[in-house]
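Now for the letters of each chain:
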Amino acid sequence: MEAIGLERGLRERRAIRHYSDSRVDDALLAEIIELASWAPSPGNTQAWKVIALGHDASKDVIARFELAGWESVFPVLEQVLRNGAAERASIAPKSDLDDVSPATADEWGRRVIAMYRQRFEVRGSPRLVFVYRVADRKRYVDLAFLSLSALIRRSLRKPSPLGAMRCFFAALRDIPVLLRVNALTRTFGLANFTYALTLAAHSRGLSTCIQSNYLNVQRDLRRYLGLGADVDIVASILIGYEADDAPPAPEMFRTRKPVAVDWIETTPGTVAARRGERVFEAAE
Ligand SMILES: Cc1cc2nc3c(=O)[nH]c(=O)nc-3n(C[C@H](O)[C@H](O)[C@H](O)COP(=O)(O)O)c2cc1C
């Protein structure tokens with residue numbers, strides 16, 4: 001197979017929802033998963049884990065959970081359609097889905113389902129892969145205590161009680177930030193891995209679509225698959241061969257807008273005000 005360069009891979013990978021019935025065998029999937037494991041993660045923790053459903057299991061789960069996962073999004077989609085209709089009222093409708101005429105609540109409901117069926121419903125026989133981490137709530141408690149004890153130690157070293165108190169309360173504000181950054185970076189690691197899966201699959205001639213709808217029904221899905229409550233699914237992804245007759249993705253998904261970039265050439269040259277109040281010694 002012709003090797004795809006990195007730039008072509010980045011530009012040409014598309015979310016595909018119409019698949020053929022050609023099978024993706026375990027060996028190829030394992031190869032793709034290994035390739036994706038070169039994704040960066042915080043401290044190289046590689047906290048991602050994978051559940052790979054076979055074709056039959058994928059078909060079953062898609063049939064049982066795809067629409068259920070979408071249903072909780074339908075009210076939001078309906079609002080988007082209603083807002084869009086108001087916006088497009090001055091333009092000629094481009095398709096049935098762009099119908100701008102006023103509608104009853106039932107008709108709006110039908111339009112949303114029509115939109116889902118036309119644009120998002122998955123066809124064919126892809127494999128479904130879940131990227132998850134093991135939820136470890138104790139870790140967050142430990143991290144909070146670790147930070148707290150570090151800042152108490154740090155405050156106690158201040159020469160005056162007032163200085164110690166000021167240092168303590170100022171640094172206390174850092175703990176929620178620390179916890180938030182920790183949670184975010186852990187998620188970033190799994191997100192990087194998920195995107196790498198799409199690129200790795202693309203490099204092997206396969207198509208993918210990241211699917212968040214399954215996360216909406218995660219609890220039922222876990223129960224159905226017999227997974228423990230500590231399985232925290234962060235992403236689900238379809239992997240398969242694109243159907244020959246797959247329609248092109250809607251224009252709104254195929255384009256990219258320019259990225260808003262603030263270029264900063266010079267800095268004010270002043271030092272951040274709270275430097276002396278940091279929790280950790282390393283920040284000094
Ligand atoms: C985090 C994430 C969640 C997504 N969830 C869904 C989904 O639930 N259903 C779906 O059909 N596509 C989903 N997509 C695919 C996006 O719609 C798609 O990536 C986007 O429209 C851009 O199109 P492209 O991937 O073809 O460039 C998701 C993508 C990402 C990154």
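Data block above holds the structure.
Residues numbered from 1 in each chain as written. Predicted model: local features only at pLDDT ≥ 70, side-chain atom pairs only at ≥ 80, totals over all residues.

K.L.:
Can you explain the overall build of the protein chain? Please cite residues and give values.
P.N.:
In terms of helices and strands, the protein chain carries 10 helices and 4 strands. Scored against the burial criterion, the 284 residues of the protein chain give a buried share of 21%. Put simply, 83% of the contacts in the protein chain that link residues at least 6 apart link residues at least 24 apart. (Helix = DSSP H or I, 4+ residues; strand = E, 2+ residues; numbered from the N terminus. Buried ≥ 20, exposed ≤ 12 C-beta atoms within 10 Å, placed from the backbone. Contact = placed C-beta atoms within 7 Å.)

K.L.:
Now, about the nonpolar core: what can you tell me, with residues and values included?
P.N.:
Within the largest apolar cluster, 28 residues are counted, with the highest numbers of intra-cluster contacts made by Ile32, Ala36, Val131, Phe193, Leu197, Ile237 and Ile239. Broken down by secondary-structure element, the contributors of at least two residues to this core are helix H2 (26–36), strand S2 (127–134), helix H8 (174–203) and strand S4 (231–240). Residues contacting isoleucine 239, with those up to four places away along its chain left out, are Val24, Leu29, Pro126, Arg127, Val129, Ala201, Leu206 and Thr208. (Core = buried A, V, L, I, M, F, W, Y, C linked by C-beta atoms within 7 Å.)

K.L.:
Please give an account of H2 that cites residues and values.
P.N.:
Listed as buried for H2 are Leu29, Ile32, Ile33 and Ala36. Down the axis of H2, the smallest arc covering the buried residues is 100°, so these residues share one side. Opposite its buried face, H2 presents the exposed residues Ala27, Ala30 and Glu34, each directed more than 90 degrees away. At its buried positions, H2 is contacted by strand S1 (49–52), S2, H8 and S4. (Arc of directions from axis to C-beta.)

K.L.:
Give a detailed account of unusual backbone geometry, specifying residues and quantitative values.
P.N.:
Negative phi values dominate among residues other than glycine, just as trans dominates among peptide bonds. The backbone of asparagine 44 sits at a positive phi, close to 55°, despite the residue not being glycine. Positionally, asparagine 44 belongs in the loop between H2 and S1. Judged by the 8 C-beta atoms lying within 10 Å of it, asparagine 44 is exposed. Look at glutamine 46: it is not a glycine, yet its phi comes out positive at around 45°. Structurally, the position occupied by glutamine 46 is in the loop between H2 and S1.

K.L.:
Before we move on, could you go through the pairing of strand S3 (residues 207–211) and cite the residues and values that matter?
P.N.:
Burial within S3 is extensive, with 4 of its 5 residues counted as buried. Alignment of S3 against S4, held across 5 bridges, turns out to be antiparallel. If you follow cysteine 209 over to S4, its bridge partner there is leucine 238. (Pairing = 2+ DSSP bridges.)

K.L.:
Pulling in residues and values, what's your account of the sheet that holds S4?
P.N.:
Strands sit in the order S1-S2-S4-S3 across an open sheet of 4 strands; the sheet is antiparallel. The sheet is open, and its two edges are formed by S1 and S3, each paired on a single side. Adjacent strand axes in the sheet meet at a mean angle of 25° when their direction is disregarded. Docked against the sheet, H8 engages S2, S3 and S4, running at close to 10° with respect to S4. (Axes fitted to C-alpha atoms, helices over the stretch in contact; angles between N-to-C directions.)

K.L.:
Could you give me a rundown of the site of the ligand, with the residues and numbers involved?
P.N.:
Residues in close proximity to the ligand include Arg14, Ala15, Arg17, Phe120, Cys209, Ile210, Gln211, Ser212, Asn213, Ala249 and Phe253, which together make up its full environment. Top contributing element to the shell around the ligand by residue count: S3, with 3 residues. (Near = placed C-beta within 6 Å.)

K.L.:
Got a sec to walk through the packing of helix H6 (residues 137–156) against H8? Specific residues and values, please.
P.N.:
Their axes nearest at 10 Å, the elements H6 and H8 cross at an angle of 145°. Like other packed secondary-structure pairs, H6 and H8 cross with a definite hand, here right-handed. Facing H6, whose interface residues are Tyr140, Leu143, Ala144, Ser147 and Leu148, H8 presents Ile175, Leu178, Leu179 and Asn182. (Left-handed = near helix turned anticlockwise from the far one by under 90°.)

K.L.:
For the packing of H2 against H8, give the residues involved together with the corresponding values.
P.N.:
Contact pair H2 / H8: the axes reach a minimum separation of 8 Å and the direction vectors enclose 130°. Between H2 and H8, the angle is such that the two are oblique. By crossing handedness, the relation of H2 to H8 is classed as right-handed. Contact with H2, carried on its side by Ile32, Leu35 and Ala36, involves Phe193, Ala196, Leu197, Ala200 and Ala201 of H8 and no other residues of that element. Across the contact of H2 with H8, the residue classes tally to 8 nonpolar, no polar and no charged. (Parallel < 35°, antiparallel > 145°, perpendicular 65-115°, else oblique. Nonpolar A, V, L, I, M, F, W, Y, C, P; charged D, E, K, R; others polar.)

K.L.:
Summarise the environment of histidine 55; cite the residues concerned and give the values.
P.N.:
Among the secondary structure elements, histidine 55 is positioned in helix H3 (residues 55–71). Here histidine 55 falls in the partly exposed class, since 17 other C-beta atoms lie within 10 Å of it. Sequence separation between histidine 55 and glycine 240 is 185 residues, and the spatial gap between their C-alpha atoms is 9.6 Å. Setting aside chain neighbours within four positions, we find histidine 55 in contact with Arg23, Ser125 and Arg127.

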